[in-house]
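Listed here are the chains, written in short residue letters.
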Amino acid sequence: LKKRSAQPVCMHGIWRAQPLRMRRLGQPSALRLVVLVALLLTSSAGEPSSRRSGAVAKSKDVERRAASKAVSLSARPREREQADAAECGREGLRLPGCGRAGDVRKGGQHDSLGVYSGSLAMTRWMGTMGRTMLEGVDTIEVQNQAEIMKEAANEAGNRSLAGRITGRFLHFQEEEERRGAQDDPDKRAEVRRNFMVNKLHIDATAINHTHLRATRRGFPGRTKQVAFLFLAMDSLDFEDVWDEFFVRATIGSYSIYIHRAAENRGEVALPLARWGAIDIDTVENGWCALMGVETALLANALQDARNVQMVFVSHNTVPLKGFDYIYRQLVENSQTTSKFCFADKAWHKMATPETIRNELRRQCIFRDFYRELNPRTLKHHQWVVLARAHAQVVVKRAGEALYAWKNTWGVAAPDLGHMGEGCSDEAVPGTALLQEVEATGRSTGNTWADLTRLGVEQQCLTYVLWRHCFSDTALNHSEPIAKEFGDVIKYGKVDMLTSKDFDFFKSALKRELNGYPTVFQSLEMDYLLRLSREGFMFARKFKKGIRVTANGIAAPLEVVLPAIWDKVDEQRASHRVWSRLSTQGVPTAI
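A few points on the structure. Everything numeric here is computed off the predicted structure, so don't read it as measured data.

**Looking at the overall build of the protein**
Scanning the protein from terminus to terminus reveals 21 helices and 17 strands. Pairs at least 24 apart in sequence give 79% of the contacts found in the protein among residues at least 6 apart. With the model as given, the accessible surface of the protein reaches about 25600 Å², and the carbon-plus-sulfur share is 51%.

This is the structure we're talking about:
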């Protein structure tokens, strides 16, 4: 690989290398990369280790120097200032030209949106938001990934099968991109732009129609409650399991709120009605646009003063612990704290090299691309547990936080051409809390210190399995490499190497690889027991009708789980709470 010189320039007092302007490439599917990775692994096995390691190091160096600066080159002044502020805040460093360590420079995302002041303010904000986002997306010049991969292939040696296939694939992509650029350059970002505009509009509309209502005071001495906030289409996949769960609960120690998105919701009986479930009014919603739904659920739960801990639950979630355990841990032991499960930091600015890295190392694919752009916007799993005071903040600042997240979302992983990286419900709640600590003058300038000061615990209480995330742990559930490679050959064929229209997210290959996240269609008793011994309170993505097998005998979850609840070692489980849903979050011995 030939060295590239970069002229350093000074931006806001921070010395940066001037990045190179590269032509853009069409969006390669992540699964095209999977097959390339598999081929690289198999074909390079016989090469000298020194040659392979040298090629990898050089290709990573080229990618890091070019990709890490792509956003700062092309962003508008506001986004560029935000990127500079993120650099200032990273690791709590004090750099020339920066304010207090960790400060995020005041930009449009910090202005009050007046979300609750009326529909006119929201309409005006929506128009501004849409235009700003479109400008930010349109002006991004992304480092040409084809050139990175081509140089790596050349260095590793075109003599190998992987080198020949990679070169052939990249040549095809370059020709296709050149023809597409001549036809209509604006179409290259159209799909991503339309996706983002649509999702932001859905969330903003729902948030605009949600208001904090008057709280109904409970009688003095009344039992404090855990509020279970269900997000469903029309019913719950495991209502029988939840019936067993609530029949063991003390009356008056819980409440249930359900948002149903299906149009035929009126034709289906309300789930858990016998336990006092409340069917809240449907708000605007869609896949990857559920922040408005969460805001509506919280606003309804906050009307009851007895609700002190609020748990988000999906339609295919089951409890791994009995009610008494959950109540003691949430209400009796940690009533005033919230529990967030944050994602591990991404190593690269773009999704393509990040995917390659994690597939090669068989490491967790659920990554945070946000914090490098704005340390006050962190990615976390959707299924958080909120203390009452924090739930009030999230409802109050949901619109403002959505706007702040939008600025980061618009430029994160810009090589994803068909969608944005992550969804609003995976960042807005945490962003809202951090905005509150800044607005009240309590910020230390360090994001993690602010979260601790707020009373946010880094705990993952809902188990969900993303691809490779529990590798090298007792909870590893990955398929052998040989089987996955067979799935790629069977379902991906050559289309993923040659067709720009190959859509992994709509393909049979995604279903067969089953890790985005994993949908459990069957389950071994041994694995379910291992899950119950950890600190997880819930587990999700179980297929309706799933059977648990042991010694050739299969039984339904509603029979197996209650027996497991009775055998949970509460003291051990409470000390086995994971801080991440990955190998980085393995509980440490006390």
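Alright, that's what it looks like, and here's the rest.
**Section: the packing of helix α10 (residues 291-301) against helix α13 (residues 388-409)**
Packing of α10 against α13 brings their axes to within 9 Å, and their N-to-C directions diverge by 130 degrees. With respect to each other, α10 and α13 are oriented oblique. Considering only the axes of α10 and α13, their crossing is left-handed. Of the residues in α13, those in contact with Met 291, Thr 295, Leu 298, Ala 299 and Ala 301 of α10 are Arg 388, Ala 391, Val 394, Val 395 and Ala 398. Here the contact of α10 with α13 is composed, by residue class, of eight nonpolar, one polar and one charged.

**Here we look at the nonpolar core**
With 63 residues, the main nonpolar core has Phe 228, Trp 242, Phe 536 and Leu 557 as its most contacted residues. Of all elements in the fold, only β3 (225-232), α9 (239-247), β4 (254-260), β6 (307-314), α11 (323-332), α19 (525-533), β15 (538-539) and α20 (557-565) reach the threshold of two or more residues within this core. In terms of residue count, the dominant contributor to this core is α11 (six residues).

**Quick look at the side chain of Arg 371**
By the secondary structure assignment, Arg 371 is in the loop between β10 (367-368) and β11 (385-387). There is a polar contact of 2.8 Å between the side chain of Arg 371 and the backbone oxygen of Ala 343. Only 2.9 Å separates the side chain of Arg 371 from the side chain of Asp 368, close enough to count as a polar contact. Among all residues touching Arg 371, those that are not within four sequence positions of it are Ala 343, Asp 344, Lys 345, Thr 377, Leu 378 and Trp 448.

**Comments concerning unusual backbone geometry**
In this structure, Leu 272 takes a positive phi of about 60 degrees despite not being glycine. Inspection of the secondary structure assignment puts Leu 272 in the loop between β4 and β5 (278-279). The backbone phi angle of Asp 472 is positive, close to 65 degrees, even though this residue is not glycine. Within the secondary structure, Asp 472 sits in the loop between β13 (462-463) and α16 (481-492).

**Points about the packing of helix α14 (residues 428-439) against helix α15 (residues 447-454)**
Relative to each other, α14 and α15 sit at 90 degrees, their axes nearing to 10 Å. The orientation of α14 relative to α15 falls into the category roughly perpendicular. Across the interface between the two elements, Leu 433, Leu 434 and Val 437 of α14 pack against Thr 447, Asp 450, Leu 451 and Leu 454 of α15. Of the residues belonging to the contact of α14 with α15, the class tally is five nonpolar, one polar and one charged.

**Observations concerning the sheet that holds strand β7 (residues 318-319)**
The mixed open sheet is built from three strands, whose spatial order is β7-β15-β13. With partners counted over all chains shown, the strands left at the sheet margins are β7 and β13, one partner each. As judged from the two bridges shared by β13 and β15, these two strands associate in the parallel manner. Bridge pairing in β15 places Tyr 463 opposite Ala 539.

**What to know about the state of the cysteines**
Under the definition given, this model contains three disulfides. Between the sulfur of Cys 288 and that of Cys 423 lies a disulfide, 1.9 Å long from S to S. The disulfide joining Cys 288 to Cys 423 has a torsion of about -105 degrees about its S-S bond and is therefore left-handed. Placement of Cys 288 in the loop between β5 and α10 and of Cys 423 in the loop between α13 and α14 is noted, with a sequence separation of 135 residues between them. The burial state of Cys 288 is the same as that of Cys 423; both residues are buried.

**Digging into the sheet that holds strand β16 (residues 547-550)**
With respect to topology, three strands assemble into an open sheet ordered β14-β16-β17, the strand pairing being mixed. Edge positions in the sheet fall to β14 (523-524) and β17 (553-556), since each has one partner strand and no second. Against the sheet, α20 makes contact with β16 and β17, and its axis sits at roughly 85 degrees relative to β17, the strand it touches most.

**A few points about helix α12 (residues 351-361)**
Within α12, eight of the 11 residues are buried, which leaves the element mostly enclosed by the surrounding structure. Among the residues making up α12, those that are buried are Ala 351, Thr 352, Pro 353, Glu 354, Ile 356, Arg 357, Asn 358 and Glu 359. One or two positions beyond α12, positive phi appears at Arg 362, with a value near 50 degrees.

How each quantity is defined
Residues numbered from 1 in each chain as written. Predicted model: local features only at pLDDT ≥ 70, side-chain atom pairs only at ≥ 80, totals over all residues. Heavy atoms only, no water. Helix = DSSP H or I, 4+ residues; strand = E, 2+ residues; numbered from the N terminus. Contact = heavy atoms within 4.5 Å. Areas by Shrake-Rupley, 256 points an atom, 1.4 Å probe, with all protein chains shown as cover. Axes fitted to C-alpha atoms, helices over the stretch in contact; angles between N-to-C directions. Parallel < 35°, antiparallel > 145°, perpendicular 65-115°, else oblique. Left-handed = near helix turned anticlockwise from the far one by under 90°. Nonpolar A, V, L, I, M, F, W, Y, C, P; charged D, E, K, R; others polar. Core = buried A, V, L, I, M, F, W, Y, C linked by side-chain atoms within 4.5 Å. Buried < 20%, exposed > 50% of the residue type's maximum accessible area, 1.4 Å probe, protein only. Polar contact = N/O pair within 3.5 Å; in protein donor to acceptor, adjacent residues only side chain to side chain. Pairing = 2+ DSSP bridges. Disulfide = S-S within 2.5 Å.

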